[in-house]
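What the coordinates show
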Amino acid sequence: DESSTSQAARHYRTASGPRSQRQRTWRGHWQGQNGPGLEAVRIFEEGIATPAQVDKIVNDAVGGGGPFNVMDLTKGNLLVAHLQELMRDAKGGTPWFEPPALLKKQGNTRWHDPKAPGDPKFTEAQQKQVLDRILPVLLARSFAVAENGVCEPSDLNWLIRTSLGFTEGMLDFGHKLGADRVAE
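Residues numbered from 1 in each chain as written. Predicted model: local features only at pLDDT ≥ 70, side-chain atom pairs only at ≥ 80, totals over all residues. Heavy atoms only, no water.

Glancing now at the overall build of the protein. Across its full length, the protein carries 11 helices and 0 strands. Its helices and strands in sequence order give the protein the pattern α-α-α-α-α-α-α-α-α-α-α, from N to C terminus. When burial is assessed residue by residue, the protein has 43% of its 184 residues classed as buried. When contacts within the protein are restricted to residue pairs at least 6 apart in sequence, long-range pairs at least 24 apart make up 73% of them. Total accessible area on the protein stands at roughly 9900 Å², and carbon and sulfur atoms take up 54% of it. (Helix = DSSP H or I, 4+ residues; strand = E, 2+ residues; numbered from the N terminus. Buried < 20%, exposed > 50% of the residue type's maximum accessible area, 1.4 Å probe, protein only. Contact = heavy atoms within 4.5 Å. Areas by Shrake-Rupley, 256 points an atom, 1.4 Å probe, with all protein chains shown as cover.)

With that settled, the discussion passes to the packing of aromatic side chains. The final tally for this structure, using the stated rule, is 3 aromatic pairs. Ring plane angle 85 degrees and centroid distance 6.2 Å describe the contact between Phe-44 and Phe-68, whose orientation is recorded as edge-to-face. Placement of the pair is Phe-44 in helix H3 (residues 35–45) and Phe-68 in helix H5 (residues 67–74), with a sequence separation of 24 residues. Accessibility expressed as a relative area gives 29% for Phe-44, which makes it partly exposed. Seen in terms of ring centroids, Phe-44 and Trp-111 are 6.3 Å apart; in terms of plane orientation they differ by 85 degrees. Their pairing is edge-to-face. Here the residue Phe-44 occupies a position in helix H3, and Trp-111 occupies one in the loop between helix H7 (101–106) and helix H8 (124–147), the gap between them amounting to 67 residues. In this structure Trp-111 comes out as buried when scored by relative accessible area, which is 10%. Every member of this aromatic cluster is reached through a ring pair, and the members are Phe-44, Phe-68 and Trp-111. (Phe/Tyr/Trp six-rings, centres within 6.5 Å; stacked < 30°, edge-to-face > 60°.)

Now for helix H9 (residues 153–164). Across its 12 residues, H9 extends 16 Å between first and last C-alpha, which sits within 8% of the 16 Å expected from 1.5 Å per residue. Listed as buried for H9 are Pro-153, Leu-156, Asn-157 and Ile-160. Mapping the buried residues of H9 onto a view down its axis gives an arc of 100 degrees, with all of them on the same face. The first or second residue beyond H9 is Gly-165, which carries a positive phi of 75 degrees. (Expected span 1.5 Å × (residues − 1). Arc of directions from axis to C-beta.)

Close contact between H3 and H8 brings their axes to 9 Å; oriented N to C, the two are set at 165 degrees. Viewed along their axes, H3 and H8 adopt a mutual orientation that is roughly antiparallel. Considering the relative orientation of H3 and H8, their crossing is right-handed. Of H8, the residues touching H3 (which contributes Gly-35, Pro-36, Glu-39, Ala-40, Arg-42 and Ile-43) are Val-130, Arg-133, Ile-134, Val-137, Leu-138 and Arg-141. For the contact of H3 with H8, the residue count by class is 7 nonpolar, 1 polar and 4 charged. (Axes fitted to C-alpha atoms, helices over the stretch in contact; angles between N-to-C directions. Parallel < 35°, antiparallel > 145°, perpendicular 65-115°, else oblique. Left-handed = near helix turned anticlockwise from the far one by under 90°. Nonpolar A, V, L, I, M, F, W, Y, C, P; charged D, E, K, R; others polar.)

Let's shift gears to the side chain of Asn-157. Structurally, Asn-157 is set in helix H9. Residue Asn-157 is classed as buried on the basis of its relative accessible area, which comes to 2%. Here the side chain of Asn-157 touches Met-170 through a polar contact of 3.3 Å, landing on its backbone nitrogen. Within the local environment of Asn-157, its side chain forms a polar contact with the side chain of Asp-172, the two groups lying 3.2 Å apart. (Polar contact = N/O pair within 3.5 Å; in protein donor to acceptor, adjacent residues only side chain to side chain.)

Core analysis: the largest hydrophobic core is formed by 33 residues, its most contacted members being Val-54, Val-62, Leu-103, Val-130, Leu-135 and Met-170. Elements with a minimum of two residues in this core: H3, helix H4 (51–62), H5, helix H6 (77–89), H7, H8, H9 and helix H10 (170–177). Looking at which element gives the most residues to this core, the answer is H8, with 8 residues. Dropping the residues within four chain positions of it, Val-130 is found in contact with Ile-43, Ala-49, Val-54, Ile-57 and Val-58. (Core = buried A, V, L, I, M, F, W, Y, C linked by side-chain atoms within 4.5 Å.)

A few words on the side chain of Gln-53. Among the secondary structure elements, Gln-53 is positioned in helix H4. Judged by relative accessible area, Gln-53 falls into the buried class, the value being 10%. Among the polar contacts listed, one links the side chain of Gln-53 to the backbone nitrogen of Thr-50, at a separation of 2.8 Å. At 3.2 Å, the side chain of Gln-53 forms a polar contact with the side chain of Gln-126.

Shown next, in the form of structure tokens:
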């Protein structure tokens, strides 16, 4: 009996085209060691939303506290920036992998000041823009792991829930969205 997560991965593969096409799509979403964090920095850098707003939007959608909170906990901004540079300069790398300037400028300074937290209120337009950019990163990584057989889909969902604190596994989340929406 096939699990719903296996069905979701299979359905995604069918709806999103040949494997080579999916790999090209995933490369666009595969963003170093902290893909959601890098996209969050770009969102902030572009003036779309503040760190407090991004974290609230992402946490409300999938849990996990939000990418800026995660970066604050790990103090890994400079390491992530360096890894992005290595991917940019590697064979097959492109300028797309250039780390956001703000990530380097921030250094290992916290994104959130505990003494003066930012206002997390956001508009529907901000929510849509943030989720349209963060969710593809999370979904692409999850489906890539499942498709490449790194672990069983049910194990992956469990790992995402327990290690990242998400409300559900990303494969289950993708299944709820539907293959056509995920393949966008």
